[in-house]
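Working through the structure, step by step
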Amino acid sequence: MDSTLPAVAEELLKEIKKAFQETSHVPDDLLLGLKFIFGPSAVPALDLVDQRSVTRVMSPSGRTAYQVLGSSGKLYTCYSSCHFCTCPAFGFTVLQKSESLLCKHILAVYLSQAMGACQELTVSEEQLTSILLAEEEDEG
């Protein structure tokens, strides 16, 4: 995790990672904390993790992005390094209205990292560029 989230959220994700490494599950108190801090994004994000919908896409140079298959069947690109998702909910709820810290997709990325539940996909530099440009074209 990078320093883009409030300290309490960072600490909660660290605690989830530690608990999951030790017991292979997330205790109820941490799940309640997740719901308290991340609100309505928490449960759908956990569903995405359970469905193994998060893929870490890496290029040989080390560039990394995440793709999350949303509940609608659409693929969204997320960047944990700058705490950003290409979904409409992120743009509206997080950026415009400031009602949430993040959307369910980027929370699913953070939870997948903590729980070791990311799919892994290595692509060429050109393929990663295409993935990133495809998102830009969809928005433009």
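Structure: see above.
A few points on the structure. (Residues numbered from 1 in each chain as written. Predicted model: local features only at pLDDT ≥ 70, side-chain atom pairs only at ≥ 80, totals over all residues. Heavy atoms only, no water.)

**Points about helix α2 (residues 28-38)**
Looking at α2, one finds that the buried residues are Leu-30, Gly-33, Leu-34 and Phe-38. Projection of α2 onto a plane perpendicular to its axis shows the buried side chains occupying an angular sector of 105 degrees, all on one side. Opposite its buried face, α2 presents the exposed residues Asp-28, Asp-29, Leu-32 and Phe-36, each directed more than 90 degrees away. Packed against the buried residues of α2 are α1 (7-23), α3 (42-50) and α5 (104-115). Positioned one or two residues after α2, Gly-39 has a phi angle of 60 degrees, which is positive. (Buried < 20%, exposed > 50% of the residue type's maximum accessible area, 1.4 Å probe, protein only. Helix = DSSP H or I, 4+ residues; strand = E, 2+ residues; numbered from the N terminus. Arc of directions from axis to C-beta. Contact = heavy atoms within 4.5 Å.)

**Structural notes on the sheet that holds strand β1 (residues 54-58)**
Spatially, five strands are ordered β4-β3-β2-β1-β5 in an open sheet, and the strand pairing comes out mixed. Looking at the sheet topology across the chains shown, the edges are occupied by β4 (84-85) and β5 (119-122). Where β1 and strand β2 (residues 64-69) come together, five bridges link them in antiparallel fashion. Paired with Arg-56 across the bridge in β2 is Tyr-66. Where α5 meets the sheet, its contacts fall on β1, β2, β3 (75-79) and β4, and the angle it forms with β3 comes to roughly 65 degrees. (Pairing = 2+ DSSP bridges. Axes fitted to C-alpha atoms, helices over the stretch in contact; angles between N-to-C directions.)

From the geometry alone we can't say anything about function, so treat these as descriptive.
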